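# Close look at the chain arrangement
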Amino acid sequence: MHPELKNSNSNESKVSNPPRRQFTRQRRQLTDGERRQYARMASLHLIKLQQRLAPRARIGLYYDGFGELPTQPLLDWCQRLGYLPYLPVVGSLGRDNKGNVDKHLRFVPIYQSKLLNIPTRIHSLGMKQNHHRRLLWARELDVIICPLVAVDKSGNRMGMGGGFYDTTLGRSYQAGLKKPLKIGWCYDFQVVEHLERQPWDVPLDGLITPSGIRWF
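Below you will find a few notes about this structure.

### Side note on the overall build of the chain
What the chain contains, in helices and strands, is five helices and 15 strands. A total of 216 residues make up the chain; the buried ones form 45% of that total. In the chain, the proportion of contacts linking residues at least 24 apart, taken out of those at least 6 apart, comes to 68%. As displayed, the chain has an accessible area near 12,000 Å², and 49% of this comes from carbon and sulfur atoms.

### Side note on unusual backbone geometry
Omega for the peptide link from Lys 179 to Pro 180 comes to -10°, which places this bond in the cis form. On the secondary structure map, Pro 180 appears in the loop between α5 (164-174) and β12 (181-185). A positive phi angle, close to 60°, is found at Arg 56, a residue other than glycine. Mapped onto the elements of the fold, Arg 56 is located in the loop between α3 (47-50) and β3 (58-60).

### Remarks on empty space enclosed by the protein
In this structure the tally under the stated criterion is one cavity of 30 Å³ or more. The space that makes up the largest cavity amounts to roughly 40 Å³. Residue lining of the largest cavity: Cys 146, Arg 157, Tyr 165, Asp 166, Leu 169, Lys 182, Val 202 and Leu 204, and that is the complete set. Per-element tally for the lining of the largest cavity: the top contributor is α5, with three residues. When grouped by side-chain class, the residues that make up the lining of the largest cavity number five nonpolar, no polar and three charged.

### Things to note about the environment of Leu 181
Relative to the assigned elements, Leu 181 resides in strand β12. Exposure remark for Leu 181: the relative accessible area of 16% places this residue in the buried category. On a C-alpha basis, the gap between Leu 181 and Asp 142 in space is 6.1 Å, while along the polypeptide they are 39 residues apart. For Leu 181, the residues in contact, after removing those within four places along its chain, are Leu 49, Asp 142, Val 143, Ile 144 and Asp 205.

Reading the values: rules and limits
Residues numbered from 1 in each chain as written. Predicted model: local features only at pLDDT ≥ 70, side-chain atom pairs only at ≥ 80, totals over all residues. Heavy atoms only, no water. Helix = DSSP H or I, 4+ residues; strand = E, 2+ residues; numbered from the N terminus. Buried < 20%, exposed > 50% of the residue type's maximum accessible area, 1.4 Å probe, protein only. Contact = heavy atoms within 4.5 Å. Areas by Shrake-Rupley, 256 points an atom, 1.4 Å probe, with all protein chains shown as cover. 1 Å grid on protein atoms, 1.4 Å probe; cavity = no way out; pocket = protein on both sides within 12 Å on 5 of 7 lines; lining within 4 Å. Points joined across faces, edges and corners; volume = space filled by probe spheres on them. Nonpolar A, V, L, I, M, F, W, Y, C, P; charged D, E, K, R; others polar.

The structure is reproduced here in structure tokens:
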């Protein structure tokens, strides 16, 4: 839980999370060369993740379309070690009973060696995605590399606010299932001391940044 501050009337009020734009702006200020270098540094720590994985593990990745730490090194790692990589698909289940896009992600296999070569279309929410007839549920994956805006030192994750990953992973988390492992992949400046957690938030199991890997 996030520590609370007391006001002058001795009432307790929660400290609000930093604004998302603080982190997204800092990501956009990086050059392409800097992003690639940070991603290479982070990829050196993947050996500590593979120690927990079975051969031909199924790994959920994502497109780094918003200045995130590049995910191509993750795809390279999967293909080098024989892991099976997948990408998320939004809206494959249509709309819910309120008319909103169903937020449960499903995952499509990657057959290309470069993310840039994968045929994609832009979803209405702005992210790239690929479509394929064979879609897996999150529970069928061994690991999901989760995009994030910020994360704290207890593994609490701040996403873009859409709730797709929390919705997708909520049931398995509440049931105490060990699969899929939820791993964050980000720059070091995205790691903060504390984030306020909501009841529906799903924390990470681990985090990889250019400076190292940590488990929660």
